[in-house]
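Structural features, examined
This is what each chain is made of:
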Amino acid sequence: MAHKTYQVIVRGRFAPLDGEQRTALLARADEHDVFRARFTEEGTVTYERSLLAFTFRCVVPAAEEDTEAVVIGKAEALAAAAVSKLGAGYRDLRSVSTDLDDIKIRRRKHRHW
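Because the structure is predicted, anything quoted here is derived from the model rather than measured.

Calculation criteria
- Residues numbered from 1 in each chain as written.
- Predicted model: local features only at pLDDT ≥ 70, side-chain atom pairs only at ≥ 80, totals over all residues.
- Heavy atoms only, no water.
- Pairing = 2+ DSSP bridges.
- Helix = DSSP H or I, 4+ residues; strand = E, 2+ residues; numbered from the N terminus.
- Axes fitted to C-alpha atoms, helices over the stretch in contact; angles between N-to-C directions.
- Contact = heavy atoms within 4.5 Å.

1. Points about the sheet that holds strand β1 (residues 3-14)
Spatial strand order, β2-β3-β1-β4: 4 strands in an open sheet with antiparallel pairing. The strands lining the two open edges of the sheet, one partner per strand, are β2 (44-47) and β4 (90-99). Averaged over all adjacent pairs, the angle separating strand axes in this sheet is 20 degrees, with direction ignored. As paired strands, β2 and strand β3 (residues 53-63) are joined by 4 bridges and run antiparallel to one another. Counterpart to Tyr-47 in the pairing with β3 is Phe-54. Here helix α2 (residues 68-85) sits on the sheet and contacts β1, β2, β3 and β4; the angle it forms with β3, its principal contact strand, is near 135 degrees.

See the structure below:
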């Protein structure tokens, strides 16, 4: 069975946060800075100190027959679990996926002077 790999970015908004949730998220905000974002199978959550929205990046391995909707569904489930693990709720998820097999790498030709 052939496999494909997708990179998925899930964007969402935090559900209304109470004071305790805000304090907990702000205490860990440096751990979730955009410069720490990575595409991994576990995924990474990033957010700004405004605590309005978050971004989740992940890699989703998929079977050849999996549709983009299946891949995005898996990614959004991972994002929901990650945000819940932070002690917050979520809403308004939007996702984009990239099939890594579709990315073409253009190599620059080096000139020898």
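Next, the rest of the story.
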